[in-house]
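Here are the chains, one letter per residue:
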Amino acid sequence: MRKWLMWGCTLLLLSLCGGVAAQEGAPTLQGQALENAAAFTRLMGYVRYFHPSDQAADVNWNQFAVNNIETVTSAADAAELAETLTDIFAPYAPTLRVFAEGDMPPVPSELQTPLRADGLEVVQWVHVPHRSFDEARGGQIEPSTRIRIPLESGDVPQTHLYSDAAKGVNEVTLPVHRPDEPLEVDLGGGVSALVPLALYADENGTLPHVEMPAPIETQSQNLMQRRVRLAAVALAWTHFQHFFLYWDVLEAQGVDWDTALTEALINAAQDTNANDFYDTLARLMNHLRDGHAYVTPPGSVDLPGVSQRTSTHALPFTWDVVEGQLVVTSVFEGAGELQVGDVITAVDGESVETLLARGDALESGVGQFGLYNFLRTLRRGTEGSAAELEIDPVEGEPYTTTIIRVPVIADDEFLYHREPRPPMLAELAPGIVYADLTRVENEDIPRLIAALADAEGIVIDMRGYPTSGAVFALLGYMTDEPLSSAPFLVPVVTTPDPQAVQFSDVSYTLAQPNQPRFTENIAFIINANGTVSAAETFLGVVEAYGLGELVGEPTAGANGTLAELRLPGGYIVSWTSLRVTKHDGSPLFGVGVLPTIPVERTLAGVAAGRDELLEAAFEVVAGGQAFDMAQVQPLEVTVDLAFSLVPYQTDAFSTFVPDGWQENSPATFSPDSGQTVFAITADAAQDGFTSDTIEGMIAELSSQFGTPVESTLSTETLEWRVVVFQPRGAAISVAFALTEVDEAIYAVALLAPADAFDALYSDLFQPALEAFRIVE
């Protein structure tokens, strides 16, 4: 779960005490032993990810780390450490050389340019370390690949063109490493290593040909074993050392990742339970300052307030930090005497100053988004758990009360919202319509579009995460030009530490102009209270294309697919695995989408039950008119989406299309008020695809939408390849049918709300395919 939620041992305590004291009886890790473990960690990263030998290519590195990390801790000095590391790694990296400082060996002869290069190739690793498009991998990153590059006139070429549409990689130019120029790396502990990043290979494999090592012995991965905890830290640290994509930002902010390693190894050695070790991993991840950096405990571990399995209850109120104080922002049944506007001065005997200092330390620069999650999860707990609160009420004398947590209600307001909001779709005043996109369900989209189309002014609430991917369809009604996403950059890594990362841009057209056109008099309410990732994709378009005023506070500044790394002991860590910038290339990470009209809440406003951000947004679109909650009315709109089919013909083909739907662009149709799109193209290979084969197009579609369900449909004249997608996290379904005739590839596409998709597939999509005829 989220990294800010650790409130056992804290970074604040670490800074005050200068370290974490060992628990009684817990084995410490210090001095040469600590340096040895850190050296093992660094070397494991280089060998695992960049030494391309056959022997290292198929190793269970989690088990390797568990089995070996404590082996090095007993080395008495640099010479013994170099010898121990060599013994551990040599079976998997025969051309690796580890040596004490000042004792560099010559480059191994197997790495020298061979006199005869007939049939030889160069082998090196290519990593595309982002969340796999293959949902079967369950959030893990794309598998790495060793590529073989032919020699040119007996020598190693300088560059190599690489592409992999299935991983979202368009053609990029990679540097080719020379085997005879191994990388010299300082491992710490007085030792260094020569690590070849490329090897020569013949038809029998990488050189030199040595015996494959025996399978790694499977040993216990119980968290009560120190080696398991140390291995988990080592594996996490090495992964982010080489593959985290924002080191330029972190280094500018003074983040010391080497110190983070030694701190985490010290703490992991002393941890005596799952809760302590969770804290250790959370502190390590905090150094990344990434809004997607979470730690998830194994299913067998119950951490109240962290584990979803045990966090079944929550305090029946919400709170927020306003003007530096922790204030109650909404109350529900079971909150006792608490009133909106009451200031909380202590929780369970801990002053709020200390509590917020702890939260500030644990959120590590993620800002309001981190604090929001810290406080939200602090509400969570187990059945029967309670919190003792010291209260400075809006009226009356300070008092102490105990509030028992109540069962979690599946309601956005109870769990997430920290201000009184109008109904999801409401009229704020005559002609002024409010829509809360954090509460929109897929079936709401048609009536939402109908209501917004008639509005003179629009207020869109984006304080939080959109509940439906269908909300992106709204953008098409706000523009006269196609709207593209910000750059989504897929990393391609061939060099450690990280150096010379290549990027493939997989940004895409997010919305096409649609009708009816909304008014340009729009204001978006924003802050960092859950406004992250997909919400920032939406708002990034608003910001870049100037679709309206942005009222409130910055968003989280964490966009890009969230990927997971599984560690020994069952813990999982996650992070942002794509590099995403703003449309103009400026940073989004840690910055967020910024308001054009900054507004902050006040204690007086909270106590009065006001939503000051909503009031400011209303004033923007209402020409300065003051907001009056008494005018707010729920807005009910009924929309009929019925359609029939009519013949359709172009110079290239004929088929059926929906009667009464608007043709937004040639052969692309939508209902007057809906998210559904039906499209036909006469030459798909020239219409938005980079590939000119059906297989390549399906790979491109899979890179965007995930793993499809594939089938074939034979009609009287044509054979169609049909792929159907249900994109993860989106309440839509997508179908594509592709067929090739005389080197032209025809495509029919349907994008529709998931709950309407089956009916549209049978009533529209399939009849259109069966009626499809090539015009001669």
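About the cut-offs
Residues numbered from 1 in each chain as written. Predicted model: local features only at pLDDT ≥ 70, side-chain atom pairs only at ≥ 80, totals over all residues. Heavy atoms only, no water. Helix = DSSP H or I, 4+ residues; strand = E, 2+ residues; numbered from the N terminus. Rg over C-alpha atoms; globule rule 2.2 N^0.38 Å. Buried < 20%, exposed > 50% of the residue type's maximum accessible area, 1.4 Å probe, protein only. Contact = heavy atoms within 4.5 Å. Areas by Shrake-Rupley, 256 points an atom, 1.4 Å probe, with all protein chains shown as cover. Lys, Arg positive; Asp, Glu negative; His and termini not counted. Charge placed at Lys NZ, Arg CZ, Asp CG, Glu CD. 1 Å grid on protein atoms, 1.4 Å probe; cavity = no way out; pocket = protein on both sides within 12 Å on 5 of 7 lines; lining within 4 Å. Points joined across faces, edges and corners; volume = space filled by probe spheres on them. Nonpolar A, V, L, I, M, F, W, Y, C, P; charged D, E, K, R; others polar. Core = buried A, V, L, I, M, F, W, Y, C linked by side-chain atoms within 4.5 Å. Pairing = 2+ DSSP bridges. Axes fitted to C-alpha atoms, helices over the stretch in contact; angles between N-to-C directions. Phe/Tyr/Trp six-rings, centres within 6.5 Å; stacked < 30°, edge-to-face > 60°. Expected span 1.5 Å × (residues − 1). Polar contact = N/O pair within 3.5 Å; in protein donor to acceptor, adjacent residues only side chain to side chain. Patch = residues over 30% accessible without salt bridge, like charges linked within 9 Å, V, L, I, M, F, W, Y side chains within 5 Å. Salt bridge = Lys/Arg side-chain N within 4 Å of Asp/Glu carboxyl O. pLDDT = per-residue confidence, 0-100.

Asks: Where do I start with the overall build of the chain in this structure?
Replies: In terms of helices and strands, the chain carries 17 helices and 43 strands. At 29 Å, the chain has a C-alpha radius of gyration in line with the 28 Å of a compact globule built from 776 residues. In terms of its C-alpha atoms, the chain occupies a principal-axis envelope of roughly 90 × 80 × 40 Å. For the chain, the residues scored as buried account for 57% of the 776 residues in total. Long-range pairs, those at least 24 residues apart, make up 69% of the contacts in the chain with a sequence separation of at least 6. When the accessible surface of the chain is split by element, carbon and sulfur atoms take 48% of a total near 30600 Å². The distance from the centre of the 37 positive side-chain charges to the centre of the 106 negative ones in the chain is 6 Å.

Asks: What exactly am I supposed to notice about the layout of surface pockets here?
Replies: Space left empty within the atom packing is revealed by a probe, the size of a water molecule, rolled over the atoms. When its volume is computed, the second largest pocket comes out at roughly 510 Å³. Along the walls of the second largest pocket sit 22 residues, with Arg48, Tyr49, Trp61, Ile141 and Ser144 positioned nearest its centre. Elements with a contribution of two residues or more to the lining of the second largest pocket: helix H2 (31-50), helix H3 (61-68), helix H5 (226-243) and strand S29 (562-566). When the residues that make up the lining of the second largest pocket are grouped by side-chain class, the tally is eleven nonpolar, six polar and five charged.

Asks: What is the right way to read the nonpolar core from this model?
Replies: The biggest cluster of nonpolar side chains holds 149 residues, and the ones touching the most others in it are Leu85, Phe89 and Leu475. No other element matches the twelve residues that H2 contributes to this core. If we skip the residues at most four places from it in the chain, Leu475 touches Leu483, Leu510, Ala511, Phe538, Val541, Val542 and Leu547. Residues Trp661, Phe669, Phe678 and Phe765 belong to the second largest nonpolar core, which totals 27 residues.

Asks: Can you help me understand the sheet that holds strand S42 (residues 744-753) in this one?
Replies: Pairing between the strands of a sheet is mediated by backbone hydrogen bonds and can be parallel or antiparallel. If you trace the seven strands from one edge of the open sheet to the other, you get S36-S37-S38-S42-S41-S40-S39, paired in antiparallel fashion. Strand pairing shows two members of the sheet lacking a second neighbour, strand S36 (662-665) and strand S39 (709-714), which therefore form its edges. Averaged over all pairs of adjacent strands, the angle between strand axes in this sheet comes to 20 degrees, irrespective of strand direction. Examined bridge by bridge, S39 and strand S40 (residues 719-725) share six bridges and lie antiparallel to one another. Following the sheet pairing, Leu713 is matched in S40 by Trp720.

Asks: Help me understand the packing of aromatic side chains, please; the structure alone is not making it clear to me.
Replies: Pairs of aromatic rings are described using the distance from one ring centre to the other and the angle between the two planes. Per the stated rule, a full pass over the model turns up 32 aromatic pairs. Judged by centre distance (5.5 Å) and plane angle (80 degrees), the rings of Phe277 and Tyr571 are edge-to-face. With a gap of 294 residues between them, Phe277 in helix H8 (residues 274-286) and Tyr571 in the loop between S29 and strand S30 (572-576) connect regions that are remote in the sequence. The same class applies to Phe277 as to Tyr571, namely buried. Aromatic ring contacts, followed pair by pair, group Trp237, Phe240, Phe244, Tyr246, Trp247, Trp257, Trp575 and Phe589 into a single cluster.

Asks: When you look at the sheet that holds strand S7 (residues 191-195) in this model, what are you seeing that I'm missing?
Replies: The sheet built from three strands is open, its strands ordered S1-S7-S6 with antiparallel pairing. Both edges of this open sheet fall to strand S1 (97-100) and strand S6 (183-188), since each of them pairs with a single strand only. For this sheet the average axis-to-axis angle between neighbouring strands, irrespective of direction, equals 25 degrees. Alignment of S1 against S7, held across four bridges, turns out to be antiparallel. By the bridge assignment for S7, Arg97 is matched with Leu194. Along the sheet, H2 makes contact with S1, S6 and S7, crossing S6 at roughly 155 degrees. Against the sheet, helix H4 (residues 78-89) makes contact with S1, S6 and S7, and its axis sits at roughly 170 degrees relative to S1, the strand it touches most.

Asks: What is the right way to read helix H7 (residues 257-270) from this model?
Replies: Along an α-helix, a turn takes 3.6 residues, which lines up residues three or four apart on a common side. Its 14 residues give H7 an end-to-end C-alpha distance of 20 Å, which sits within 8% of 20 Å, the value for a rise of 1.5 Å per residue. On the buried face of H7, the contacting elements are H2, H5, helix H6 (247-252) and H8. Taking the backbone nitrogen of Asp258 as reference, a side-chain oxygen 3.2 Å away marks Asp256 as the first, capping residue of H7.

Asks: Whenever I open this one, empty space enclosed by the protein confuses me. Can you help?
Replies: Scanning the model with the defined rule gives three cavities of 30 Å³ or more in all. Approximately 80 Å³ is the volume attributed to the largest cavity. If you trace the largest cavity, you find 14 residues lining it, with Ala486, Glu536, Gly540, Thr581 and Leu588 closest to the centre. Looking at which element gives the most residues to the lining of the largest cavity, the answer is helix H13 (residues 534-545), with four residues. Classifying every residue of the lining of the largest cavity by side-chain character gives five nonpolar, six polar and three charged.

Asks: Got a minute to help me understand a negative patch on the surface in this structure?
Replies: A surface patch of negative charge is lined by Asp692, Glu740, Asp742, Glu743 and Glu776. Tracing the backbone through its elements, the reader meets Glu740 in strand S41 (residues 732-741).

Asks: So what exactly am I meant to see when it comes to the pattern of salt bridges here?
Replies: Side chains carrying opposite charge are able to pair once their charged atoms draw close together. Inspection of every chain in the model, using the stated rule, returns 28 salt bridges. Ionic pairing is found between Asp258 and Arg42, a salt bridge with its closest N-O pair at 3.3 Å. Of this pair, Asp258 sits in helix H7 while Arg42 sits in helix H2, and the two are 216 residues apart along the sequence. Connected through salt bridges with shared partners, the residues Asp320, Arg418, Glu419, Arg421, Asp436, Arg439, Asp461, Arg463, Arg601 and Asp611 form a single ionic network.

Asks: Could you clarify how one ought to interpret the confidence of the model for the chain in this entry?
Replies: It should be kept in mind that the predicted coordinates are not to be read in detail where pLDDT is low. Scored by pLDDT, the chain has a mean of 89; 94% of the residues are at 70 or more. Contacts for the low-pLDDT stretch residues 1-25, under 50 throughout, to residues beyond four places or in other chains number 75 contacts.

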